[in-house]
Amino acid sequence: MTQLLSPSLGITWLKESFQAVRMQPISYPGIVIFSLLVSGMLSSLPLIGTLIASLWMPYGSVLTGFAARDTLAGRVPVYYTLVAIFRDRTSRYPLLMIGLIASVWMELDMMIFNWLGHEQIDKWQITAEGIDVASITANFPWFAFAMAGLFYIPLLMMTVYSPLLVVQQRQKVGKSLFYSFFGVIRGIAPIIVYLAGITLISGAVFVTLDLILSAAGVPGILAFLAPLIVAGLSAVTQAGVWVMFRDIFRGSSPDGDMPHDLTDSGDGSVKLPPV
């Protein structure tokens, strides 16, 4: 897994990501939206929201990753994958551990942000009309935000593929985090191309719609269309995670190929048969 990947692969990933949404325009985005809604609802819980949402993150990653895999393979993605993952003793606790590590890391990240930016944050104001946006923009803690972002990047690199490595290739927690981190480094060139493409396409979609709706005299409709567009783009990016994972770690499975399905073994565990 030492050879760097060609930047042009990012274009292929981009095409396949959009292809996944075209192939299953309802079922696949529905699973992605479900995962995002669960994460949002859990994170809104008082006191323990961040912890619970972080514990959910690895399961949601596998659910959406396998949904993209099944879609691109011509199968209809199903929610049963989530049940199978929870029933799989081999994967259940490593995924929970990844979520716990992510939760602790995020708490440290927030501590860094609050510590570095507390002077600016203290100047934010809430008036009778609500949050004073002007006070926030005038006192936004850019340095704290940048440092917290830099601290978050290693976590993202370690966890973007580790849940799939745990379930798909049966790796231990530490090994999955290590391989995920260096997998990102191996694929950094096409990943940058992919992210640049997604950013440009997203911006073009919103700008084009804004111009069209403004010309039609109904610019306010964009606010209603925005959630649908964001949901579609989220489905595209989640498919991107799967195709990246597939190509970055191709050939590193113990059996030479990646298993294709989760099946109930009848003893409370879930086996991954080879292709």
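Residues numbered from 1 in each chain as written. Predicted model: local features only at pLDDT ≥ 70, side-chain atom pairs only at ≥ 80, totals over all residues. Heavy atoms only, no water.

## Regarding the overall build of the protein
Regarding its fold elements, the protein presents 11 helices and four strands. In the protein, the proportion of contacts linking residues at least 24 apart, taken out of those at least 6 apart, comes to 70%. Of the roughly 14600 Å² of accessible surface on the protein, a fraction of 71% belongs to carbon and sulfur atoms. (Helix = DSSP H or I, 4+ residues; strand = E, 2+ residues; numbered from the N terminus. Contact = heavy atoms within 4.5 Å. Areas by Shrake-Rupley, 256 points an atom, 1.4 Å probe, with all protein chains shown as cover.)

## Focus on the nonpolar core
Among the nonpolar cores identified, the biggest contains 42 residues, and Trp13, Tyr28, Tyr161 and Ile248 are the most heavily contacted of them. Take this core: its biggest share by element is eight residues, from helix α11 (residues 221-248). (Core = buried A, V, L, I, M, F, W, Y, C linked by side-chain atoms within 4.5 Å. Buried < 20%, exposed > 50% of the residue type's maximum accessible area, 1.4 Å probe, protein only.)

## Describing unusual backbone geometry
Residue arginine 170 is not a glycine yet carries a positive backbone phi of 60°. One can find arginine 170 in the loop between α8 (162-169) and α9 (173-186).

## Examining the pattern of salt bridges
Considering all chains together, one arrives at six salt bridges under this definition. Taking the shortest distance from any N to any O, the salt bridge between arginine 69 and aspartate 70 comes out at 3.0 Å. Each member of the pair arginine 69 and aspartate 70 is classed as buried. The salt bridge partner of aspartate 247 is arginine 250, with a shortest N-O separation of 2.6 Å. Where salt bridges share partners, they join Glu16, Arg246, Asp247 and Arg250 into one cluster. (Salt bridge = Lys/Arg side-chain N within 4 Å of Asp/Glu carboxyl O.)

## Re the packing of aromatic side chains
Under the defined criterion, the tally for this structure stands at 14 aromatic pairs. With a centroid separation of 5.9 Å and 65° between ring planes, the pair formed by phenylalanine 178 and tyrosine 179 is classed as edge-to-face. With relative accessibility at 25%, the residue tyrosine 179 sits in the partly exposed group. Taken together, Phe66, Tyr161, Trp242, Phe245 and Phe249 form an aromatic cluster joined through their ring pairs. Cation over ring: arginine 69 sits above phenylalanine 66, and NZ or CZ is 4.1 Å from the ring centre. (Phe/Tyr/Trp six-rings, centres within 6.5 Å; stacked < 30°, edge-to-face > 60°. Lys NZ or Arg CZ within 6 Å of the ring centre and 35° of its normal.)

## Here's the deal with the packing of helix α3 (residues 49-72) against α8
As a packed pair, α3 and α8 sit with axes 8 Å apart at the nearest point and diverge in direction by 70°. Relative to α8, α3 is oriented roughly perpendicular. Pair α3 / α8 crosses with right-handed handedness. Taken together, the residues of α8 that come into contact with α3 (itself represented by Pro58, Ser61, Val62, Gly65, Phe66 and Arg69) are Pro163, Leu164, Val167 and Gln168. A per-class count over the contact of α3 with α8 returns six nonpolar, three polar and one charged. (Axes fitted to C-alpha atoms, helices over the stretch in contact; angles between N-to-C directions. Parallel < 35°, antiparallel > 145°, perpendicular 65-115°, else oblique. Left-handed = near helix turned anticlockwise from the far one by under 90°. Nonpolar A, V, L, I, M, F, W, Y, C, P; charged D, E, K, R; others polar.)

## Things to note about the confidence of the model for the protein
Taken residue by residue, the protein gives an average pLDDT of 86. The fraction at 70 or more is 90%. Below pLDDT 50 for its whole length, residues 253-261 participates in 31 contacts with residues either more than four positions away or in separate chains. Predicted confidence is poor over residues 263-275, with pLDDT under 50, and the contacts of this stretch with residues over four places away or in other chains come to 40 contacts. (pLDDT = per-residue confidence, 0-100.)

## What about the packing of α8 against α9?
At a closest axis distance of 8 Å, the pairing of α8 and α9 adopts a crossing angle of 125°. In this view, α8 runs oblique relative to α9, as classed from their interaxial angle. With respect to the hand of their crossing, α8 and α9 are arranged in right-handed fashion. Within the contact between the two elements, α8 uses Ser162, Leu165 and Val166 and α9 uses Ser176, Leu177, Tyr179 and Ser180. Split into classes, the residues belonging to the contact of α8 with α9 amount to four nonpolar, three polar and no charged.

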